[in-house]
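Topology and contacts: notes
Given next are the chains, with one letter for each unit.
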Amino acid sequence: MPPARMNPLALRWLTAAEQALVRQVFGAGIRPERVRILAQPVFPRPFTPGSAGIVYPVAQSLTDFSQGRLSDQATFIHEMTHVWQAQRGVILPLAKLRAGDSEAAYRYDLDRQAFPEMNIEQQASLVEHHFVLQRQDELLTGRKPPFASQRYEALRSWWFTP
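Residues numbered from 1 in each chain as written. Predicted model: local features only at pLDDT ≥ 70, side-chain atom pairs only at ≥ 80, totals over all residues. Heavy atoms only, no water.

**Points about the packing of helix α2 (residues 70-87) against helix α4 (residues 120-133)**
In contact at an axis separation of 8 Å, α2 and α4 are set at 140° when each is read in the N-to-C sense. Compared by their axis directions, α2 and α4 come out oblique. Considering only the axes of α2 and α4, their crossing is right-handed. Facing α2, whose interface residues are Leu70, Gln73, Ala74, Ile77, His78, Thr81, His82, Trp84 and Gln85, α4 presents Ile120, Glu121, Gln123, Ala124, Ser125, Val127, Glu128, Phe131 and Val132. (Axes fitted to C-alpha atoms, helices over the stretch in contact; angles between N-to-C directions. Helix = DSSP H or I, 4+ residues; strand = E, 2+ residues; numbered from the N terminus. Parallel < 35°, antiparallel > 145°, perpendicular 65-115°, else oblique. Left-handed = near helix turned anticlockwise from the far one by under 90°. Contact = heavy atoms within 4.5 Å.)

As structure tokens, this is what we get:
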């Protein structure tokens, strides 16, 4: 059973279990203790405006993402990648404008792009895919990943700091 949802306009810090999950993915390369989650009733999907917050629709805002389904955790990790980017100096609103919001903005090609050359959504998708592939053999779409699991693991040093 998934954890309870947050109340509309509730604001909370990450739980200890969420912080531990974030550290599994990013190591010491992120400061999860600075991050808050806001449950809002207007926008239909989550977004990350900066280095210290994620805004979730009420319907998706769990009281503890570490206890959620893999799809909930994967979205959480995607958004935490944006927190990681912002904590490293990326100005997310400008980077989002450059990346765009089409389906193509999230697609990446490991044969043609190095991790630092990817836009913020491509990087977040790649980290999300790595997270999911550590837990199962296919992506949440039910499709095989676009690249072998070893390729994702080889890139992990870009976002994971021991």
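**So, the pattern of salt bridges**
Under the criterion given, the structure shown has nine salt bridges. One salt bridge connects Arg151 with Asp111, and the closest N-O pair in it is separated by 3.1 Å. Of the two residues, Arg151 is situated in helix α5 (residues 149-155) and Asp111 in the loop between α3 (92-99) and α4; the sequence distance between them amounts to 40 residues. Put simply, Arg45, Lys96, Asp101 and Glu121 are held in one network by salt bridges that share partners. (Salt bridge = Lys/Arg side-chain N within 4 Å of Asp/Glu carboxyl O.)

**Structural notes on the pairing of strand β4 (residues 53-57)**
Counting buried residues in β4 gives five out of five residues, a clear majority hidden from the surface. Residues Gly53, Val55 and Pro57 point to one face of β4 and Ile54 and Tyr56 to the other, with burial holding for every one of them. Alignment of strand β2 (residues 36-40) against β4, held across five bridges, turns out to be parallel. For Leu38, the partnering residue across the bridge sits in β4 and is Val55. When strand β3 (residues 47-50) meets β4, the two strands line up antiparallel, connected through two bridges. Its bridge partner lying in β4, Gly50 is registered against Gly53. (Buried < 20%, exposed > 50% of the residue type's maximum accessible area, 1.4 Å probe, protein only. Pairing = 2+ DSSP bridges.)

**Section: unusual backbone geometry**
In this structure, Leu9 is a non-glycine residue whose phi angle is positive, near 65°. The residue Leu9 is located in the segment before β1 (11-13) in this model. The exposure class of Leu9 is exposed, given its relative accessible area of 62%.

**Brief notes about α3**
Looking only at α3, the buried set comprises Leu92, Ala95 and Ala99. Buried residues in α3, looked at end-on, bunch into an arc of 65°, giving them a common side. The exposed residues of α3 that point more than 90 degrees off its buried face are Leu97 and Arg98. Looking at the buried side of α3, the elements it contacts are β3, α2 and α4. Following α3 by one or two positions, Gly100 adopts a phi angle in the positive range, close to 85°. (Arc of directions from axis to C-beta.)

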